[in-house]
Every structure is written in C-alpha cells, then in structure tokens.
Amino acid sequence: MRKRVLLALGCALGLAAFPGISAYATKKSADEARQFLRQIPNTERISQALSRLTFGPRPGDAAQVRALGLKKWIDLQLDPGRIPENPVLAQKLKTLDTLTMSGEQMVRNYPTPQIVKQMVAGQMPFPADPDRRMMIQKLVAKAERKQGQGDQADPNAPQAQPLADVLPREQIRTLRTGTPEQRLAAFQALPKDKQDDVIAALPAGMRQGLFQISTPELRRKIEMANGPQQVVARDLMEGKLLRAIYSNRQLAEVLDDFWFNHFNIFLDKGADRYLVTEYERDVIRPHVLGKFKDLLEATAKSPAMLFYLDNWQSVGPNAPQPRGGAGKKGQRGLNENYGRELLELHTLGVDGGYTQKDVTEVARCFTGWTINQPQRGGAFSFNRRTHDTGEKIVLGVTIPAGGGIEDGEKVLEIVAHHPATARFISTRLAQRFVADDPPAPLVDRMAQTFLKTDGNLREVMRTMLDSKEFWSEGAWRSKMKSPLEMVASAVRAVSGDVDFAFPLANQVAQLGEPLYRKQEPTGYSNSSREWMNSAGLLARMNFALQLANDKMPGVKVDTARAAKPDESMPGMTLGSPEFQKR
C-alpha cells in the first residue's frame, strides 16, 4: 500500500498540468460547450452522483445505490427527513455537548477569562453541572491567586504547579514512559478529584500524549484545562467533519457547507465564537432545501450575522447616543456592512443592478436590528428607538415613513424574489455541483424554477439534477475537491474509524481551508481554481500517505482493506490525480 501511495504522490505532483483537472483553467471553446451536450455513459452515473452529492463514496455505496435505484436515491437525498440517520454518528457527536447548547449556555459552561471574572464578581451564575462547576471554580481560585500576586496572566492558562507536587515518582514515570495502555490505566486509577489537578500539572507534551489515548470524557477534561472557550470551536469543527464522514443524509451536509459559505461568518470575531453554533444549527441547516426567503430572513435576524457585519450597532440619525459618548469616537451611526453584503453576496450579486444609494437605503431599513447582550450569547431584538423611521426607496420600491421592523422585512421580500437573485443563486449552485463555468442554459432553467416556485431550493436542485448538463462529459470529473472534501472523502474511501476529528480539522486547515475561519464575508470559493497551488497539492499527498498507512491521529484505518479500491473508484488511490477530482 505504501508503494502505491508513493507512486500516486509522484503522479499528483503534476496535478496542475493534468488535463482532466486543468481544463477549467484554459480558455473556453466551442468544443467545451458541446461537452455539456454529450452524456456520460449510464454506467458512470452512480459514480457522478456519489462524487457530487456526497462527501465521496464509501466502499459499498455504489452497490447500495444500484440496488435502490439511482432516481430513488436522489429523491431521498432531496428529502433527508425520510432517511434514517446513522446511529454511529449520533454516538460520536454525543460528547460534543456544545453542539446542542444555546449561546448563553456555552458562555456559562465554557467561559472566556473575562466571563470567569464576572462569575467571581457574582455577575453571572456558575455552571449547573457539578463537574464543570468544579473545573470553573478551580479556574476562579487560580485567577484569584494570580490577582493576589499582581499577575494579570490569563486565568485559564495551565497552572504552573510541578507534577512532583501532585504525584509520586513512580506514577509520574508511568505517565511519561509507559505504554499507552499503562498511561491511561494509571491516570484512570487516580481519585476523580485528583485527576483535574494532574491534568493541570502535566507538561504540554505529556498532556497531548494522554489526550490521544483517552476516552471521550477524559479528552473533555483535558480540553477544559487547555482553556474552556476553545472547546466551542473544536466541537464545531469536529462536528462538521463527523457529519461529512458518517451522515447518511449526505446531500444535506454538502448543502450545509455550501450555504454556510454563502452566508459566511468568521468564528473568531468577538461574540461570534459563541453564536456560530446556533447559527449553523438553527439558521442554516433547517433551511438548505426550503424556501430561499425563509433562509435569507433567518440569517438576517441571526445574532451571529448581526454581530459579524456590525449591524447590531447600526442606528438611525435620531437614535439616542450612549452617555459619555461625546466626540466622534463615541458616536453611533449608520453601518452599511450588512446592506452591502446582502445585495452583493447574499442575493442580487455584484452585477445585480443595484447602486450605492440602494446600499445606503437598505442599511437604513435595518437600523434597530440588534442583539441583547451579544457577549453573553444574547438573542435578536428590534429596538424601535434606534430605527431610522424616514422614507426609503430600495431598488425603485418606496418604503413609507413611520415603519419599524417591517422596513427590513420588506427589503428581504424584494430581494428574495428579484430575478437577479434567482440567477445569482442558480449560478452559485451550478458552480458548486456542475462546473466552475456552468452552461448558461442550465442557469436559465434553474433561475426560472426559482421564480416559479417562490424560491423553493429543493425544486431548484431538482431542476439541476434532472438536467443533461449535470450528467454530461463537461461536468464529469471537472471539479477539484476543496480541502474539506478531500479529507472527508479520503476517510470515507478507506472506511476510517474516527475516534476524534480535531487532527482532521487541523489537516483541512493545513490544506488551506480552516473551518469557520474565512475572515471575508465571501466564504470559501466554489471554484476549483481556489485550490490550485503546488504547496496545497503536496500537502494533500502527505495527508494521503499518512492516512493510508494508518498514521493519522484520531483515525483508525484497516490498511489491508484500504489497499483494495471500491468499484466506485476503480484503480484510484488516495494520492492519485483522479482522487483529487469530483
């Protein structure tokens, strides 16, 4: 197996010049246009569906689709509520408890150093869970000790207590030099109340070594000791990868990734580190196959979006100013960030026919759309006192003076049903699922479906999947996988058993796509050109070699089974040029 992957490594280093992948980077020609009229053989259709509508086929997937029937399989993927979810996924998500929490609950249970200080001051309650409460109280005690020494260091930093003060020499030797089984057994034999002290005292290397052999519950304690607030981001990234790898509702997961990038939010912007979880879970995920208008309104009223694009601080000209806010720096005013991105990135597109005046008028309509206590995971609210109640004209439509929250809702109604939005959304979907430069006739038909069905995204997808273009030679193997698609598809291809997914998330980041951390509102691109660079290709090969030889932390691979390609991927290895395509 090692030789096969090494051979594939040599092949893939020439990936940029590989004709099947670099075709989209060359000039368009009449022959390329005709390729979208020529159909792939019926024998390849299952492979096309599995490569485009999932995060890659698993061994046996092709046979299951054939037994069910391709059309029926697609119909089920378009209606994921009818597909029983994989019980293995539910079990693996179980310990990632932040994925089911509200923002307010996450703030209390996985606090930042600032929130810990508020708990000390009695401004916020401690967690109700006794184990978590104990951990936070230890952090509080540590912070108080540091304050008593005049040290302003991070109270969540590991306590600089020598391990020799916590454990006898024999136990330390076992934790440092024992086999994985001996180290884990030695730690688990400790009294429960002592385990936290040992974790805090362990040097970083020993702590990481223990993490990789731990049970999910013990890993959680180690994560808490490293800094509770980091757990939220780790859960998000692990959850995304676990769903991509294990979910039976694959198209829904692919669309979740698509729509999150379309309505992108940067995780590391202030309060959004506690707001993104609810955003993806309650705003994006339930609407990926629903009405576009519902998805658009849900994002507009999401605290995560309001915070990310600063609309929560946008106010009308007559809004009361904060006390002590004299001078330009302390004044609040109109913020056009959301208005601009709503038109340019979320709906009409940059060529959608709007003007700068429209951007300003839209921003005025959304004044007063704000958040209650965003730093504590607060909810959306509308503040009439800060709303601009004057008359507005948006895209030629007059919105009368004296309105309130309905001003913004009217804007959403206008843009959600605009022909430019229908075309823009259809183009983006076709770019993701068909080709970087999708055929205009296909986009036209998808846009017509969008307008006829009141923005029904399921029907727009169905129009695309029923099209000759989707099943054409022009679409066949024309897309290069994103880093997320590459990593998830590789693990699926070898039936990898994921114990913990954070190393995979780090791998995705190393390949150029740090999850939830695209700072710009554009989100990660649907274009294959984004991922065409020599450094990224070499990193893909290194990952393929590591995974195929069962050297990827957190993932167990049966190397003998991995050496046998599935019928869905005849002759492919993880490092081959063919495997990089979808």
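Quick caveat: nothing in here was measured; it's all calculated off a predicted structure.

### Let's talk about the overall build of the chain
Along the chain, the regular secondary structure elements total 31 helices and 6 strands. Burial analysis of the chain (582 residues in total) assigns 55% to the buried set. Sequence-distant contacts in the chain: of pairs separated by 6 or more residues, those separated by 24 or more amount to 71%. About 24,600 Å² of surface is accessible on the chain, with carbon and sulfur atoms providing 52% of the total.

### Quick word on the pattern of salt bridges
Tallied over the entire structure, the rule returns 45 salt bridges. Note that Asp 61 and Arg 58 form a salt bridge whose closest N and O atoms lie 3.2 Å from each other. Asp 61 gets classed as buried once you look at its relative accessible area, which sits at 6%. A salt bridge links Asp 97 to Arg 220; the shortest N-O distance between them is 2.6 Å. Taken together, the positions of Asp 97 in the loop between α7 (87-93) and α8 (103-109) and Arg 220 in helix α15 (residues 216-226) put the pair 123 residues apart, joining distant regions of the chain. The class for Asp 97 is buried, based on a relative accessible area of 19%.

### Quick look at the packing of aromatic side chains
All chains considered together, the criterion is met by 14 aromatic pairs. Centre to centre, the rings of Phe 258 and Trp 259 are 4.8 Å apart; their planes meet at 85°, and the pair counts as edge-to-face. Judged by relative accessible area, which is 1%, Trp 259 ranks as buried. Seen from their ring centres, Trp 259 and Phe 292 are 6.0 Å apart, and the 45° between their planes marks the pair as tilted. Residue Trp 259 is found in helix α17 (residues 250-262), and its partner Phe 292 is found in helix α19 (residues 292-300); the two are separated by 33 residues along the sequence. According to the relative accessible area criterion, Phe 292 is buried, its value standing at 0%. Following the ring pairs from residue to residue traces out a cluster consisting of Phe 258, Trp 259, Phe 263, Phe 292 and Phe 450. The ring of Phe 211 has Arg 219 sitting right over it, with the charged end atom 6.0 Å from the ring centre. The positively charged end of Arg 234 is found above the aromatic ring belonging to Phe 502, 3.7 Å away from the centroid.

### Observations concerning helix α27 (residues 483-493)
Counted residue by residue, α27 has 11 buried out of 11 residues, so it is predominantly covered. Buried within α27 are the following residues: Pro 483, Leu 484, Glu 485, Met 486, Val 487, Ala 488, Ser 489, Ala 490, Val 491, Arg 492 and Ala 493. Directly beyond the C-terminal end of α27, a positive phi value near 55° is found at Ser 495.

### Side note on the nonpolar core
As a rule of thumb, nonpolar side chains are buried together in soluble globular proteins. Within the largest apolar cluster, 120 residues are counted, with the highest numbers of intra-cluster contacts made by Trp 259, Leu 429, Phe 433, Leu 504 and Leu 547. With 8 residues, helix α16 (residues 228-246) is the largest single contributor of residues to this core. If we skip the residues at most four places from it in the chain, Leu 429 touches Leu 255, Phe 258, Trp 259, Met 446, Val 460, Met 461 and Met 464. With 19 residues, the next largest nonpolar core counts Leu 167, Phe 187, Leu 202 and Leu 210 among its residues.

### A word on the packing of α15 against α16
Where α15 contacts α16, the two axes come as close as 6 Å, and the packing angle between them is 130°. Taken as axis vectors, α15 and α16 run oblique relative to one another. Crossing of α15 over α16 shows right-handed handedness. Here Arg 220, Glu 223, Met 224 and Asn 226 of α15 lie close against α16, whose contacting residues are Pro 228, Gln 230, Val 231, Arg 234, Asp 235 and Glu 238. Its residues assigned to classes, the contact of α15 with α16 shows 3 nonpolar, 2 polar and 5 charged.

### Observations concerning the confidence of the model for the chain
If pLDDT is low for a region, its predicted coordinates should not be looked at in detail. Put simply, the chain has an average pLDDT of 87, and 87% of its residues get 70 or more. pLDDT under 50 marks residues 1-26. Its contacts with residues more than four places away, or in other chains, come to 53 contacts.

### Description of unusual backbone geometry
Unusually for a residue other than glycine, Asp 310 sits at a positive phi of about 65°. Mapped onto the fold, Asp 310 is located in the loop between α20 (303-308) and α21 (337-346). One non-glycine residue, Tyr 516, adopts positive backbone phi at about 65°. Checked against the element boundaries, Tyr 516 lands in the loop between α28 (502-510) and α29 (534-548).

### Concerning the packing of helix α24 (residues 419-433) against helix α26 (residues 457-465)
The contact between α24 and α26 brings their axes to 11 Å, and the two run at 50°. The pairing of α24 with α26 is recorded here as oblique in orientation. Seen from above, α24 lies across α26 with right-handed handedness. From α24, Ile 425, Ser 426, Leu 429, Ala 430 and Phe 433 reach across to α26, where they touch Leu 457, Val 460, Met 461 and Met 464. By residue class, the composition of the contact of α24 with α26 is 8 nonpolar, 1 polar and no charged.

### Observations concerning the side chain of Asn 456
Its location among the elements puts Asn 456 in the loop between α25 (440-452) and α26. According to the relative accessible area criterion, Asn 456 is buried, its value standing at 18%. In this structure the side chain of Asn 456 is engaged in a polar contact, spanning 3.0 Å, whose partner is the backbone nitrogen of Arg 458. Setting aside its immediate chain neighbours within four residues, Asn 456 contacts Leu 289, Gly 290, Lys 291 and Phe 450.

### Looking at the environment of Gln 188
When you line up the elements, Gln 188 lands in helix α12 (residues 180-188). We classify Gln 188 as partly exposed; its relative accessible area is 43%. Once the C-alpha coordinates of Gln 188 and Leu 218 are considered, the two residues, 30 residues apart in sequence, prove to be 9.0 Å apart. In contact with Gln 188, not counting residues within four places along its chain, are Gln 195 and Thr 215.

### Thoughts on the environment of Ala 505
Looking at where Ala 505 falls in the secondary structure, it is placed in helix α28. Its relative accessible area of 1% is what places Ala 505 among the buried residues. Measuring from C-alpha to C-alpha, the distance between Ala 505 and Ala 488 comes to 9.8 Å, with 17 residues separating the pair along the chain. Every residue in contact with Ala 505, bar those within four places of it in the chain, is listed here: Met 237 and Leu 241.

### Some thoughts on the side chain of Glu 485
Mapped onto the secondary structure, Glu 485 falls in helix α27. Given a relative accessible area of 8%, Glu 485 falls into the buried group. Only 3.1 Å separates the side chain of Glu 485 from the side chain of Arg 582, close enough to count as a polar contact. Excluding anything up to four places from it in sequence, Glu 485 contacts Phe 55, Arg 432, Met 480 and Arg 582.

Calculation criteria
- Residues numbered from 1 in each chain as written.
- Predicted model: local features only at pLDDT ≥ 70, side-chain atom pairs only at ≥ 80, totals over all residues.
- Heavy atoms only, no water.
- Helix = DSSP H or I, 4+ residues; strand = E, 2+ residues; numbered from the N terminus.
- Buried < 20%, exposed > 50% of the residue type's maximum accessible area, 1.4 Å probe, protein only.
- Contact = heavy atoms within 4.5 Å.
- Areas by Shrake-Rupley, 256 points an atom, 1.4 Å probe, with all protein chains shown as cover.
- Salt bridge = Lys/Arg side-chain N within 4 Å of Asp/Glu carboxyl O.
- Phe/Tyr/Trp six-rings, centres within 6.5 Å; stacked < 30°, edge-to-face > 60°.
- Lys NZ or Arg CZ within 6 Å of the ring centre and 35° of its normal.
- Core = buried A, V, L, I, M, F, W, Y, C linked by side-chain atoms within 4.5 Å.
- Axes fitted to C-alpha atoms, helices over the stretch in contact; angles between N-to-C directions.
- Parallel < 35°, antiparallel > 145°, perpendicular 65-115°, else oblique.
- Left-handed = near helix turned anticlockwise from the far one by under 90°.
- Nonpolar A, V, L, I, M, F, W, Y, C, P; charged D, E, K, R; others polar.
- pLDDT = per-residue confidence, 0-100.
- Polar contact = N/O pair within 3.5 Å; in protein donor to acceptor, adjacent residues only side chain to side chain.

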